[in-house]
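Fold and geometry: a report
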Amino acid sequence: MFCSNCGKKLADDAAFCEECGAKVERSMGEQSASPGGSPSDRKENANVAAKQLLSFVQQNRKAVLIAAGILAVIVAVAIFIATRPLTVRLDDYVTVEFTGYNTAGTASYNFDREKFCSDYAGKIDYQGTDPEYAFLDGQTLCEMLLEHIDGDLQESTGLSNGEEVAFIWDCENDIARENFDVKLSYSDLTFTVEGLKDAKVVSPLEQVELAYEGIAPHGEAVLVNQIDEAYVNDLQFEIEPSTGLSNGDTITITLPQAETEDGRLYFLNTYGVTFAATERIITVEGLEIYASALSEVTEEALEEMKARGEDAMCAEAARRWDEEVSLDGVSYLGSYFLNAKDPDETNERNFLYLVFEVQSSVNYPEDGARGSVTYYYPVRFENLIVRPDGTISIDLDEYRTSGNSFRIEIEGERTHYLYYNGYTTMDDMFRELVASNMDRYTYETDITG
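- In the annotation of an unreviewed UniProt entry, the protein is listed under the name Zinc-ribbon domain-containing protein and assigned to Candidatus Limivivens intestinipullorum.

Set out below in structure tokens:
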């Protein structure tokens, strides 16, 4: 007879295998003819089996002890597993999404409650003392446990690609253990910011232009905006200073909205743009200016004024002189240029007096009265303006002729008295037109002699 477990040959009456200790299973044919046997036979058989088992244990004492130890460990592990709390891993259910533009990105997290309950519903038992919760279903218990699980991102705005964002848990571990026999397993998480869009860098200050109006030193700057982009509709340009300008002054154009963090974020998140610069300094040029020197009066402008002055002289003679008085000649001698010392104190920034020498003769044949007169006739133009191209702007219709007059006597059979507008001497004219204004004006002249 052989052991059915290890194949060891056995004695015919063996109850246990001496090699492996397995109980000997006998087939029907191997059983004794009298299974029951007499009491004395059964007692004898039992004694034999006991002796064989004792012999096996004595021979295999170390193996038996090891097996008993393993069995004890298995039982202890089984008891530990059966009684330990359910470990719930939270980290697996957290995801973070990054949206927006680089340097102004936003992070948002999501805890997948649906998947969490799918994984743990039915495994969570209520261990609390409130009897109303004792018969709740697994889904409801899972939702109740989630009320004690929380966390948040340490930073969620103003993010840039490549930065790290931490997710910090804030869970009620004691309640989870006491009420649901659950051990919460988690660790603070770190996520790298990625996928934020790059903003379009725009330079509106370089695209706008300034137009200048008025005359220095009272020029004005006006913004000319030709940018056809949506973000410009919300953009403000600030010009400082914008009035009281002269050529060579500096103007600062700024974008006050874009200089604040809130404004920067508004344009970034609304239009996807960021500004290359928020300030630009421009030097004023191209303003018209009042002429301040005789050298600025161009030859072309001078010829136009001389022609208008001669016409004015001739027109006056035609209107006022008798037919016995003739205009024999008009000669241009030169000019006096007066420039205001304090331009803000007067409306006449400059004067240009054109001086003409006039020859006139008188003939009253019936009285035998004849004579000739030479005098000086000024024509004044004021507020001459120099354009950016150097030409002179002047209103030729705005001029003044001499306000001074003098009387002459022509002797004949009777004396004739005639009145002329002008001055009999250059000194008289200079004294009244120039010298009397030297407290407020400087002067130049190109008259010689």
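1. Observations regarding the nonpolar core
- Ranked by size, the top nonpolar core spans 33 residues in total, and within it Met305, Leu352, Tyr375, Phe381, Leu384, Leu418 and Tyr420 carry the most contacts.
- Those elements that provide at least two residues to this core are α8 (299-320), β17 (325-340), β18 (350-364), β19 (369-382), β23 (405-410) and β24 (416-421).
- Excluding residues that lie within four positions of it along the chain, Leu384 makes contacts with Ile289, Tyr290, Ala291, Val297, Met305, Asn350, Leu352, Ile392, Ser393 and Ile394.
- Listed in part, the 32 residues of the second largest apolar core include Leu159, Phe167, Phe180 and Leu189.

2. So, the state of the cysteines
- Across all of its chains, the model carries 1 disulfide by this definition.
- One disulfide in the model links Cys117 with Cys142; its S-S distance is 2.5 Å. Disulfide Cys117-Cys142: the torsion about the S-S bond is -100 degrees, which places it as left-handed. Residue Cys117 is found in helix α3 (residues 113-120), and its partner Cys142 is found in helix α4 (residues 138-146); the two are separated by 25 residues along the sequence. Pair check on accessibility: Cys117 and Cys142 agree, each one buried.

3. Notes on the confidence of the model for the protein
- Summary statistics for the protein give a mean pLDDT of 87 and a share of 86% for residues scoring 70 or more.
- Here helix α2 (residues 61-83) stands out as the least confident element of the protein, with mean pLDDT 54; strand β25 (residues 441-445) is the most confident, with 97.
- Here residues 28-36 is modelled with pLDDT under 50, and outside its nearest four sequence neighbours on either side it reaches 4 contacts, counting other chains as well.
- Counting contacts from residues 75-83, a segment whose pLDDT is below 50, to residues more than four positions away or on other chains yields 0 contacts.

4. Things to note about the pattern of salt bridges
- Evaluation of the coordinates by the stated rule reveals 11 salt bridges.
- Between Asp119 and Lys115 there is a salt bridge; the shortest N-O distance is 3.1 Å. Placement of both Asp119 and Lys115 in helix α3 is noted, with a separation of 4 residues, approximately one turn of the helix.
- Among the residues examined, Lys115 registers a relative accessible area of 42% and is labelled partly exposed.
- As a salt-bridge pair, Arg431 and Asp428 come within 2.4 Å of each other at their nearest N and O atoms. With a gap of 3 residues between them, Arg431 and Asp428 both fall in helix α9 (residues 426-433), about one helical turn apart.
- The partly exposed category is assigned to Asp428, whose relative accessible area is 28%.

5. A look at the environment of Gly162
- The topology assignment puts Gly162 in the loop between β4 (151-153) and β5 (164-169).
- Given the relative accessible area of 54%, Gly162 is considered exposed.
- Gly162 sits 60 residues away from Asn102 along the chain, and the two C-alpha atoms are 9.8 Å apart.
- Look past the residues within four positions of Gly162 in its chain and what remains in contact with it is Thr192 and Val193.

6. Some remarks on the sheet that holds strand β15 (residues 279-283)
- Strand order in the open sheet made by the 3 strands is β12-β13-β15, with antiparallel pairing throughout. Among the strands making up the open sheet, the edge pair consists of β12 (238-240) and β15. This sheet shows a mean twist of 20 degrees between the axes of neighbouring strands, independent of strand direction.
- Alignment of strand β13 (residues 250-254) against β15, held across 5 bridges, turns out to be antiparallel. Counterpart to Ile253 in the pairing with β15 is Arg280.

7. Overview of the sheet that holds strand β20 (residues 385-386)
- Strand order in the open sheet formed by 4 strands is β10-β16-β20-β21, and the pairing between neighbours is mixed. The open sheet terminates on both sides in strands that have one partner only, identified here as β10 (215-216) and β21 (392-393).
- When strand β16 (residues 288-290) meets β20, the two strands line up antiparallel, connected through 2 bridges. Along β20, the bridge assignment pairs Ile289 with Val386.

How each quantity is defined
- Counting starts from 1 at the beginning of each chain's written sequence and moves along it residue by residue.
- Thresholds applied to this predicted model are a pLDDT of at least 70 for local features of residues and 80 or more for the giving and counting of side-chain atom pairs; totals over whole chains, interfaces and linings are not thresholded and use all residues.
- Side-chain numbers come from the whole structure's heavy atoms, not from hydrogens or water.
- To form a nonpolar core, buried Ala, Val, Leu, Ile, Met, Phe, Trp, Tyr and Cys residues must be joined to one another through side-chain atoms within 4.5 Å.
- Here the term buried applies to any residue with accessible area under 20% of the maximum for its type, exposed to any over 50%, and partly exposed to those in between, with areas from a 1.4 Å probe on protein chains only.
- Elements are defined by DSSP. Helices are runs of H or I of four residues or more, strands are runs of E of two residues or more, and each kind is numbered from the N terminus.
- Between two residues, a contact is recorded if the distance between any of their heavy atoms is within 4.5 Å.
- The disulfide criterion is simple: two cysteine sulfur atoms within 2.5 Å.
- Scored between 0 and 100, pLDDT is the confidence that the predictor attaches to each residue.
- The term salt bridge refers to a pairing of a side-chain nitrogen on Lys or Arg with a carboxyl oxygen on Asp or Glu at a separation within 4 Å.
- For two strands to be treated as a pair, DSSP must find at least two bridges joining them.
- Angles shown run from 0 to 180 degrees and are taken between the N-to-C directions of axes, each axis being a line fitted to C-alpha atoms and, for helices, limited to the stretch in contact.

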